[in-house]
Amino acid sequence: QVHVVESGGGLVQAGGSLRLSCAASGRTISWYTMAWFRQTPGKEREFVAAIASRGGGTGYADSVKGRFTISRDNAKNTVYLQMNSPKPEDTAVYYCAADVSGSIGYQAVSYEYWGRGTQVTVSS
C-alpha cells in the first residue's frame, strides 16, 4: 500500500508558475502509475496528467497540454506537477493518485490510492 501527500498549492497569478509535489511513502512509486486530478465545488474530479510506471509515458488533459508537466523522481519517491502559465480556470483542489496498473487511466476510478489534496487558486 502506498500513502501520498500533496504540497505546494497556494495563490498564484495568471501567467506565473507553481510546482505541486506528491510525496509517497510505504512503497516505491517506480511500480505505480501516478496521476494528478483536480476538483471544484459541485463538479466531478477531473483528470489533469499522469505518468506511467517504469517509463511508460505521460498523458495530459487537453486543457493543460503544453502548460503543465508531470514528472517523477523515483529516488525521492516524489511526483511533481509543474504548472506554467496557469489560468483562473485552473483554480481547484489538486489531488495526487496512484495505481499499480502499468497503463495510464483517465478516470478517477482507475486509481486506488489518493491524497487529501492541495488548493490552487489562480488570480486574474
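Above this text is the structure in question.
Bear in mind the structure is a predicted one, so any value in this text is a computation, not a measurement.

Scoring rules and cut-offs
- Residues numbered from 1 in each chain as written.
- Predicted model: local features only at pLDDT ≥ 70, side-chain atom pairs only at ≥ 80, totals over all residues.
- Heavy atoms only, no water.
- Disulfide = S-S within 2.5 Å.
- Helix = DSSP H or I, 4+ residues; strand = E, 2+ residues; numbered from the N terminus.
- Buried < 20%, exposed > 50% of the residue type's maximum accessible area, 1.4 Å probe, protein only.
- Phe/Tyr/Trp six-rings, centres within 6.5 Å; stacked < 30°, edge-to-face > 60°.
- Lys NZ or Arg CZ within 6 Å of the ring centre and 35° of its normal.
- Pairing = 2+ DSSP bridges.
- Axes fitted to C-alpha atoms, helices over the stretch in contact; angles between N-to-C directions.

A. Here's a closer look at the state of the cysteines. Applying the stated criterion to the full structure yields one disulfide. The disulfide bridge from Cys22 ends at Cys96, spanning 2.0 Å between sulfur atoms. Across the S-S bond of Cys22 and Cys96 the torsion is about -75°, and the bridge reads as left-handed. Placement of the pair is Cys22 in strand E3 (residues 17-25) and Cys96 in strand E9 (residues 92-99), with a sequence separation of 74 residues. Of the two residues, Cys22 and Cys96, both sit in the buried class.

B. Summary view of the packing of aromatic side chains. Across all of its chains, the model carries six aromatic pairs by this definition. Both rings, one in Tyr32 and one in Tyr113, keep their centres 6.2 Å apart while their planes meet at 70°; by these two values the pair is edge-to-face. Within this pair, whereas Tyr32 is found in the loop between E3 and strand E4 (33-39), its partner Tyr113 is found in strand E10 (residues 113-114), the two being separated by 81 residues in sequence. Side by side, Tyr32 and Tyr113 carry an identical accessibility label, which is buried. Here the aromatic cluster, defined as three or more aromatic residues joined through ring pairs, consists of Phe37, Phe47, Tyr106, Tyr111 and Trp114. Over the face of the ring belonging to Trp114 we find Arg45, whose NZ or CZ atom lies 4.9 Å from the ring centre.

C. Highlighting the sheet that holds E3. Within the open sheet, the four strands sit side by side as E1-E3-E8-E7. Their pairing is antiparallel. Where the open sheet ends on each side, the last strands, each with one partner, are strand E1 (3-7) and strand E7 (68-73). For this sheet the average axis-to-axis angle between neighbouring strands, irrespective of direction, equals 15°.

D. Representation of the pairing of strand E8 (residues 78-84) within the structure. In terms of burial, E8 is a largely internal element, five of the seven residues being buried. With seven bridges connecting them, E3 and E8 associate as antiparallel partners. Bridge assignment links Leu18 to a residue of E8, and that residue is Met83. Where E7 lies against E8, six bridges are found, and the strand directions are antiparallel. Looking at the pairing, Ile70 lines up with Leu81 of E8. Counting the residues in the hairpin turn of E7 and E8 gives four residues, including Asn77, whose phi is positive at 55°.

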